[in-house]
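# Chain and residue survey
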Amino acid sequence: MSTIAAISTPSGSGGIAIIRLSGPAAHTLVRRLFHPWPASPLYFHLYLGYIHEPTSEIPLDQVFLALMPENRSYTREAMAEIHCHGGAYATGKILNLLFALGAVPAAPGEFTRRAYLNGRLDLTQAEAVAGLIAAESEAGLQAAAAQLAGGLGRHLAGLLARLEEILAGVEVAIDLLAEEGDNYERENLAAELAGLAAEGRRLLDSYERGRFLRTGLKVVLAGRPNVGKSSILNALLAEDRALVSKVSGTTRDVVSADLEIAGVRVELSDTAGLDTPRDELEALGMARTEAWLEKADLVLLVLDGSQELKERDLELYRRLRGRAHLVVLNKQDLGCRMTENEIRERLAYDGPLLRCVGRREQAEIGEAVAGVSAFLKNRRPENDSAPLITRQRHYELLADYTGAVSRAAELCGDGLKPQLDLLAEELHQARRALLQITGGEAEAVDSLLDAVFAGFCVGK
Ligand SMILES: Nc1nc2c(ncn2[C@@H]2O[C@H](COP(=O)(O)OP(=O)(O)O)[C@@H](O)[C@H]2O)c(=O)[nH]1
Ligand SMILES: [Mg+2]
């Protein structure tokens with residue numbers, strides 16, 4: 001096994017940079033460079049000293065050195081960390097000395113990959129490390145931290161144990177039947193399998209919220225021209241991001257900005273109003289709006305409450321059917337020409353009506369914020385402490401698992417005598433899917449690991 005080295009802190013100048021080594025030669029390599037070498041070094045201690053070139057007495061940098069033993073380090077290999085001064089030149093020089101002595105450059109995520117290969121983390125935890133580094137909101141950070149603590153991995157291990165117990169019984173029966181030609185019966189088999197499928201579906205359902213937590217929620221402001229979409233965007237951001245004017249058709253391109261609502265990162269996009277285009281540019285803007293509506297997790301349909309409900313509003317609303325949406329009644333400072341009943345009846349809408357004033361001078365957008373916040377809260381699974389899935393990779397594999405155990409349950413349903421070889425095949429497929437999520441056993445082939453670790457930074 002090689003000994004890898006990398007600078008784990010961001011590139012560029014900084015107060016401190018950390019060079020990390022992992023592998024069998026980690027301690028002997030740093031010993032060639034660090035002076036004075038302690039008489040009997042303790043693990044997890046910081047030693048103050050100097051880095052010299054092996055053949056020189058001239059110090060290159062004053063550093064702290066920490067040594068971690070095999071089995072008790074992040075990678076479970078012998079590790080060393082050199083905390084040096086953070087200039088790009090000095091850190092690069094120390095790293096090159098380590099390479100000259102036989103260390104090899106770490107690939108992105110290689111420390112964590114070794115931690116996984118040595119059984120320190122399962123794959124869901126390794127992914128959570130990347131999630132922590134990439135987190136851009138409070139909720140995203142919490143979701144990654146919970147996954148790193150192993151909640152999802154343990155939960156899946158529980159499912160796996162139940163599945164394997166059933167599978168073992170089926171396999172024994174297949175062996176016996178070959179000899180005796182009898183039929184396999186196991187009490188509650190259909191119910192047990194249905195329970196395993198239901199748990200898979202619950203996890204699949206948590207993905208919507210999990211995805212919002214990890215990557216954020218895409219919210220799109222839509223509505224007729226001039227209803228105040230751009231004003232609302234500016235008010236929510238508390239800055240003049242989008243152009244506002246009483247000239248209809250002011251917004252042509254999509255303007256997006258990030259904000260945080262209820263701890264979740266929200267990407268808010270203001271679009272060109274949808275109406276009959278008067279020229280080519282407007283037509284292009286509206287085509288963009290349509291494309292953004294397609295991608296939205298939540299659409300805020302803005303109505304100008306100071307006017308009557310227009311046929312155009314209804315038409316637009318109909319296009320949102322099947323897409324999560326909330327209705328925002330803007331220009332409430334001008335009084336309201338639409339009654340709540342009228343809106344509900346004509347739009348057939350039973351969600352909240354969020355009353356707002358988008359206009360700069362007297363902006364009141366509290367209800368819009370509360371509406372988005374409630375939308376997010378409603379997507380929290382009932383049992384708040386249950387693990388969530390936050391990654392597409394997990395989602396796809398859980399869908400495989402759920403499909404396979406559901407089919408297995410059907411094979412045993414309603415007093416059917418299951419065809420054991422088919423049953424075993426489905427259960428094996430479900431088992432493989434679970435193992436690929438956590439990276440258990442030999443399921444973690446190189447291509448899978450390459451895909452998981454490709455998104456990491458060097459040095460982690
Ligand atoms: N009185 C009042 N005027 C508003 C309000 N929101 C927007 N406006 C005005 O309505 C016009 C159109 O606003 P704008 O945000 O550009 O609408 P958009 O076309 O939907 O993006 C501008 O003159 C705004 O100042 C509001 O809440 N009250
Ligand atoms: Mg606009």
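Residues numbered from 1 in each chain as written. Chains lettered and ligands numbered in written order. Predicted model: local features only at pLDDT ≥ 70, side-chain atom pairs only at ≥ 80, totals over all residues. Heavy atoms only, no water.

## Some points on the overall build of the chain
Counting its regular elements, the chain contains 15 helices and 13 strands. Computed over the C-alpha atoms, the radius of gyration of the chain is 29 Å, more than 25% above the 23 Å expected from 2.2 N^0.38 for a compact globule of 460 residues. For the chain, the spread of C-alpha atoms along the principal axes amounts to about 85 × 80 × 40 Å. Counting the 460 residues in the chain, one finds 49% classified as buried. In the chain, of all internal contacts separated by at least 6 residues, the share reaching a separation of at least 24 is 68%. Positive and negative side-chain charges of the chain, numbering 50 and 64 respectively, have mean locations separated by a distance of 6 Å. (Helix = DSSP H or I, 4+ residues; strand = E, 2+ residues; numbered from the N terminus. Rg over C-alpha atoms; globule rule 2.2 N^0.38 Å. Buried < 20%, exposed > 50% of the residue type's maximum accessible area, 1.4 Å probe, protein only. Contact = heavy atoms within 4.5 Å. Lys, Arg positive; Asp, Glu negative; His and termini not counted. Charge placed at Lys NZ, Arg CZ, Asp CG, Glu CD.)

## What to know about the layout of surface pockets
Estimated volume of the largest pocket: approximately 670 Å³. In terms of lining residues, the largest pocket is bounded by 35 residues, among which Gly-228, Ser-230, Ser-231, Val-244 and Ser-245 are the most central. Sorting elements by how many residues they give to the lining of the largest pocket places helix H8 (residues 229–237) first, with five residues. Classifying every residue of the lining of the largest pocket by side-chain character gives eleven nonpolar, 14 polar and ten charged. (1 Å grid on protein atoms, 1.4 Å probe; cavity = no way out; pocket = protein on both sides within 12 Å on 5 of 7 lines; lining within 4 Å. Points joined across faces, edges and corners; volume = space filled by probe spheres on them. Nonpolar A, V, L, I, M, F, W, Y, C, P; charged D, E, K, R; others polar.)

## Examining empty space enclosed by the protein
Using a probe with the size of a water molecule, rolled over the atoms, empty space left in the structure can be pinpointed. A full pass over the atoms with the stated rule returns one cavity of 30 Å³ or more. A volume near 40 Å³ is recorded for the largest cavity. Every residue along the wall of the largest cavity is listed here: Val-219, Leu-236, Leu-259, Ile-261, Val-266, Leu-268, Leu-300 and Val-372. Listing elements by their share of the lining of the largest cavity, those giving two or more residues are strand E9 (255–261) and strand E10 (264–270).

## A short note on the domain arrangement of the chain
Domain parsing of the chain yields domain 1 (4–106), domain 2 (151–209 + 385–453) and domain 3 (216–378). Distance between the C-alpha centres of domain 1 and domain 2: 45 Å. (Domains from an automatic or database assignment.)

## Remarks on the side chain of Asp-270
Looking at where Asp-270 falls in the secondary structure, it is placed in strand E10. Although buried, Asp-270 forms no salt bridge, and the nearest oppositely charged side chain, Lys-229, lies 5.6 Å from it. Only 2.5 Å separates the side chain of Asp-270 from the side chain of Ser-230, close enough to count as a polar contact. Non-local contacts of Asp-270, meaning those with residues more than four positions away in its chain, are made with Leu-221, Lys-229, Ser-230, Leu-233, Ala-242, Thr-251, Asp-253, Val-254 and Val-255. (Salt bridge = Lys/Arg side-chain N within 4 Å of Asp/Glu carboxyl O. Polar contact = N/O pair within 3.5 Å; in protein donor to acceptor, adjacent residues only side chain to side chain.)

## Remarks on unusual backbone geometry
Each neighbour pair has its own omega, and for His-35 with Pro-36 the value is -5°, a cis peptide bond. Relative to the assigned elements, Pro-36 resides in the loop between strand E3 (34–35) and strand E4 (47–52). Positioned with a positive phi, Ala-262 is a non-glycine residue whose angle comes to about 50°. Position of Ala-262 relative to the elements: it lies in the loop between E9 and E10. The phi dihedral of Lys-331 falls on the positive side, at around 60°, and the residue is not glycine. Mapping Lys-331 onto the fold places it in the loop between strand E12 (325–330) and helix H11 (340–347).

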